[in-house]
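Descriptive structure summary
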Amino acid sequence: MLIINAPRFFSLSWKIIKGWIDQRTAAKIEIISSRSSWEKRLTELVDKDQLPSDYGGTGPNTKVTQMENASEGVRKMHTELMHLRAHASHIFDVAAGEEMEITVYTRGTTGAIFSIVDGASKKGTTYVDNVDVTHAGPTDELSPPSSVLITESSGRIAGPGKIKVRADSKGGRFSAENFLLVAKVYKQ
C-alpha cells in the first residue's frame, strides 16, 4: 500500500509505529509526504504515460479526465470520501449562478441514511431528508458499487450557499463503511 501526500506528522508517526509491528507487515506500507519523493516513487511503479500529470506523469490531468467523462452541462465536480462509523457530514460550497446535484456511491451493505441541509445555519432549510443508501448488488470487487442520486426528489440545489450532506449509519458505532460523495455543479 502506498499513501502519498500524507501530512508530514503522519509520515513521522509511521516511522515510529512501524518499529513496533512485524517487519513483513511494515514492509507492505509506504507513507510519503514530500511531493518530489512520491512523484519519484510513483514513476517507479507506473509508466509515465499512464500516470496523470498532476501526479508527476505525462498522462492527462485527473481534473481534465473527470470533466471529459462528466455529464453534459457539468461545469465542475467535487468528490469526497466519507468514512462513516456512526455520523459524518461534509459541506460543499455552491456559488451564485450555480446549482448542484449529489450522488452517493457505496459497497456498504449496512448502509446509511443521508440528508442535505443548509450548511450556513443550524435551523436552515432541509433540501433532502432520509434517503437510504445501501449497496444492493453483489459484494465481489469486480461488481460496480451502488449509486443513489440523493438530490433526485428535490432537484438540483441552487446557490449561493453552503450545502451540508449528513449521513447516519444504519449499523451504529460498531460498523464502518465508506461512501463516495460526487457533487456535480451546473450553470444555473
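Structure's up top.
Note that this is a predicted model, so its numbers are computed, not measured.

Quick notes on the overall build of the protein chain
For the protein chain, the helix and strand inventory stands at four helices and eleven strands. Judged by the C-alpha coordinates and their principal axes, the protein chain covers about 50 × 40 × 35 Å. Intrachain contacts of the protein chain at a sequence separation of at least 6 include 69% that bridge at least 24 residues. Accessible surface, the protein chain as shown: approximately 11900 Å² in total, 51% of it carbon and sulfur.

A short note on the environment of Glu 98
Turning to its location among the elements, Glu 98 is positioned in strand β5 (residues 98–106). Each residue touching Glu 98, except ones within four places of it in the same chain, is listed here: Arg 75, Lys 76, Ile 157, Ala 158, Gly 159, Val 185, Tyr 186 and Gln 188. In this structure the side chain of Glu 98 is engaged in a polar contact, spanning 3.1 Å, whose partner is the backbone nitrogen of Ala 95.

Considerations on the side chain of Ser 11
Along the chain, Ser 11 falls in helix α1 (residues 8–17). Among all residues touching Ser 11, those that are not within four sequence positions of it are Ile 31, Ile 32 and Ser 33.

Some remarks on the environment of Thr 151
Within the fold, Thr 151 resides in the loop between β8 (146–149) and β9 (157–158). Under the relative-accessibility criterion, Thr 151 is labelled buried at 2%. In the structure, Thr 151 is positioned 23 residues away from Val 128 in sequence and 6.6 Å away in space, judged by C-alpha atoms. Here the side chain of Thr 151 touches Ile 102 through a polar contact of 3.2 Å, landing on its backbone nitrogen.

Quick notes on the pattern of salt bridges
A pair can form between side chains of opposite charge whenever their charged atoms are brought close. Applying the stated criterion to the full structure yields ten salt bridges. Here Arg 35 and Glu 39 are joined by a salt bridge, their closest N and O atoms 2.7 Å apart. With Arg 35 and Glu 39 both in helix α3 (residues 35–45) and four residues apart, this pair spans about one turn of that helix. The partner of Lys 76 in a salt bridge is Glu 98, with the nearest N and O atoms 3.4 Å apart. Taken as a pair, Lys 76 in strand β3 (residues 74–84) and Glu 98 in strand β5 lie far apart in primary sequence, 22 residues in all.

The rules behind each value
Residues numbered from 1 in each chain as written. Predicted model: local features only at pLDDT ≥ 70, side-chain atom pairs only at ≥ 80, totals over all residues. Heavy atoms only, no water. Helix = DSSP H or I, 4+ residues; strand = E, 2+ residues; numbered from the N terminus. Contact = heavy atoms within 4.5 Å. Areas by Shrake-Rupley, 256 points an atom, 1.4 Å probe, with all protein chains shown as cover. Polar contact = N/O pair within 3.5 Å; in protein donor to acceptor, adjacent residues only side chain to side chain. Buried < 20%, exposed > 50% of the residue type's maximum accessible area, 1.4 Å probe, protein only. Salt bridge = Lys/Arg side-chain N within 4 Å of Asp/Glu carboxyl O.

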